[in-house]
Amino acid sequence: MKLIIAIVQDEDSSRLIGQLMNDGFGVTKLATTGGFLQAGNTTFLVGTDDTRVDEVLSIIEKHSKKRTQMVPTTNYGTANYASFPVEVTVGGATIFVLDIERFEKV
Ligand code: 2BA
């Protein structure tokens, strides 16, 4: 068994959870915050048989878009400091696949 942890953008989360549920996967959705942007994102936990991991990954890939975002960055100089925007590409999805030693529902 594997646990898939997938971090996606909030905008993609509704369609993604809908598709995963339709296809019979057990899913938990967590409201999370990215460390760099300090903005909300969504983390999915999906526990599944090894044989279905690729299916989950392809659903996540299909429903997770890449987007660009302008981020204000502060450049600290010696006398003054100025803030300037930098373009950051976020997503599609950041995915971890973990081996599960034991799975119980009690
Ligand atoms: P954030 O940490 O808010 O990062 C948002 C986006 O900012 C990242 O998109 C990346 O393009 C950029 N970014 C992150 N750290 C950066 C840095 N030190 N310098 C310049 N740009 C930086 P993604 O790579 O698509 O990541 C989206 C979200 O996935 C992240 O949100 C974070 O919540 C999660 N994530 C990404 N890599 C992770 C990791 N290795 N472990 C845990 N969570 C991760």
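What counts, and where the lines are drawn
- Residues numbered from 1 in each chain as written.
- Predicted model: local features only at pLDDT ≥ 70, side-chain atom pairs only at ≥ 80, totals over all residues.
- Heavy atoms only, no water.
- Axes fitted to C-alpha atoms, helices over the stretch in contact; angles between N-to-C directions.
- Helix = DSSP H or I, 4+ residues; strand = E, 2+ residues; numbered from the N terminus.
- Parallel < 35°, antiparallel > 145°, perpendicular 65-115°, else oblique.
- Left-handed = near helix turned anticlockwise from the far one by under 90°.
- Contact = heavy atoms within 4.5 Å.
- Nonpolar A, V, L, I, M, F, W, Y, C, P; charged D, E, K, R; others polar.
- Core = buried A, V, L, I, M, F, W, Y, C linked by side-chain atoms within 4.5 Å.
- Buried < 20%, exposed > 50% of the residue type's maximum accessible area, 1.4 Å probe, protein only.
- Arc of directions from axis to C-beta.
- Near = heavy atom within 4 Å.
- Polar contact = N/O pair within 3.5 Å; in protein donor to acceptor, adjacent residues only side chain to side chain.
- Areas by Shrake-Rupley, 256 points an atom, 1.4 Å probe, with all protein chains shown as cover.

Asks: Explain the packing of helix H1 (residues 10-22) against helix H2 (residues 53-63) to me, please; I cannot follow it from the model alone.
Replies: Geometry of a packed helix pair, given as the angle between the helix axes and the separation of the axes. One way to put it is that H1 packs onto H2 with a least axis distance of 9 Å and a crossing angle of 150 degrees. With respect to H2, the axis of H1 lies roughly antiparallel. Once H1 is placed against H2, the crossing between them reads as right-handed. Between H1 and H2, the contacting residues are Asp12, Arg15, Leu16, Gln19 and Leu20 on the first element and Val56, Ile59, Ile60 and His63 on the second. Taken together, the residues of the contact of H1 with H2 sort by class into 5 nonpolar, 2 polar and 2 charged.

Asks: Can you walk me through the nonpolar core in this structure?
Replies: Within soluble globular proteins, side chains that are nonpolar generally end up buried alongside one another. Ranked by internal contacts, the top residues of the largest apolar core, which has 13 residues, are Leu16, Leu20, Phe25, Val46, Val56 and Ile60. At the level of secondary structure, the elements contributing two or more residues to this core comprise strand S1 (2-8), H1, strand S3 (40-48) and H2. Here the element with the most residues in this core is H2; it accounts for 4 residues. If we ignore the near neighbours within four places in the chain, the residues touching Phe25 are Leu20, Val46, Thr48, Arg52, Glu55, Val56 and Ile59.

Asks: How do you make sense of H2 when you look at a structure like this?
Replies: Since the α-helix advances by 3.6 residues per turn, residues separated by three or four positions end up pointing in the same direction. Taken residue by residue, H2 has Val53, Val56, Ile59, Ile60 and His63 as its buried positions. Buried residues of H2, viewed axially, fall in a sector of 130 degrees; they line one side. Turned more than 90 degrees from where H2 packs its buried face, Asp54, Glu61 and Lys62 sit exposed. Looking at the packing, one finds that the buried side of H2 touches S1, H1, S3 and strand S6 (94-99).

Asks: What is the right way to read the site of the ligand from this model?
Replies: For the ligand, the full set of nearby residues is Ile7, Gly34, Gly35, Phe36, Leu37, Asn41, Val88, Thr89, Val90, Gly91, Thr94 and Phe96. Here an oxygen atom of the ligand and a backbone polar atom of Phe36 are 2.8 Å apart. With respect to the ligand, the backbone of Leu37 contributes an N or O atom lying 2.8 Å from an oxygen atom. In isolation the ligand offers 750 Å² of accessible surface; the protein chains occlude 52% of this area. Listed by contribution, the elements that provide at least two residues to the shell around the ligand are strand S5 (81-90) and S6. Of all the elements, S5 adds the most residues to the shell around the ligand, at 3 residues. Counted by class, the shell around the ligand contains 6 nonpolar, 6 polar and no charged residues.

Asks: How should I be thinking about the environment of Leu20 in this particular structure?
Replies: By secondary structure assignment, the location of Leu20 is in helix H1. The spatial distance from the C-alpha of Leu20 to the C-alpha of Ile60 is 8.6 Å, given a sequence separation of 40 residues. Other than its neighbours up to four places away in sequence, Leu20 contacts Phe25, Val27, Val46, Val56 and Ile59.

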